[in-house]
Amino acid sequence: MRKAHKPISSGWKAGSVKDFLGLNDQEAALVELKLALVTAVREARKKYGLSQIDLAQRMRSSQSRVAKIETGDQSVSLDLIVRALFAAGATRRELQRALADTA
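So, here is what we can say about the structure in this document.

Here we come to the nonpolar core. The biggest cluster of nonpolar side chains holds 21 residues, and the ones touching the most others in it are Leu37, Val41, Leu55, Met59, Ile69, Ile81 and Leu85. Elements represented by at least two residues in this core include exactly helix H2 (25–47), helix H3 (52–59), helix H4 (63–71), helix H5 (78–87) and helix H6 (92–100). Among all residues touching Met59, those that are not within four sequence positions of it are Val66, Ile69, Leu80, Arg83, Ala84 and Ala87.

Right, dumping it as structure tokens:
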């Protein structure tokens, strides 16, 4: 597959998302943590055969809120993401695994 960017020698700069968004180390770590957890929510929901509506009902929330959780929407707190993960049926070990992936 062809890369979408030009080589550095053509005047383009290569960098990280951290650099592009101007994040400090703590902000970048938080983004990575959130992404790992929302991925774990989506995977757990699918693993246990739940739809977004099913998960929303378990959380006493809405399908649109679950969709926001799974996309890592800025308005979603880490607390809500972890609650969704457990509501989806994930174990503490699966939570630990998701957290370990960010280390």
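So much for the structure itself; the text now carries on.
Mapped onto the elements, Leu23 comes out in the loop between helix H1 (17–21) and H2. With near-sequence residues (within four places) excluded, Leu23 lies in contact with Lys18, Ala28 and Val31.

Moving on, we get to unusual backbone geometry. Of note in the backbone geometry, Arg60 takes a positive phi value of approximately 55° without being a glycine. Residue position: Arg60 is located in the loop between H3 and H4. Under the relative-accessibility criterion, Arg60 is labelled exposed at 81%.

Among the secondary structure elements, Glu70 is positioned in helix H4. Overall, the relative accessible area of 7% leaves Glu70 in the buried class. Within the structure, Glu70 has its side chain in polar contact with the side chain of Arg45 (distance 2.5 Å). For Glu70, the residues in contact, after removing those within four places along its chain, are Val38, Val41, Arg42, Arg45 and Gln52.

The rules behind these values
- Residues numbered from 1 in each chain as written.
- Predicted model: local features only at pLDDT ≥ 70, side-chain atom pairs only at ≥ 80, totals over all residues.
- Heavy atoms only, no water.
- Core = buried A, V, L, I, M, F, W, Y, C linked by side-chain atoms within 4.5 Å.
- Buried < 20%, exposed > 50% of the residue type's maximum accessible area, 1.4 Å probe, protein only.
- Helix = DSSP H or I, 4+ residues; strand = E, 2+ residues; numbered from the N terminus.
- Contact = heavy atoms within 4.5 Å.
- Polar contact = N/O pair within 3.5 Å; in protein donor to acceptor, adjacent residues only side chain to side chain.

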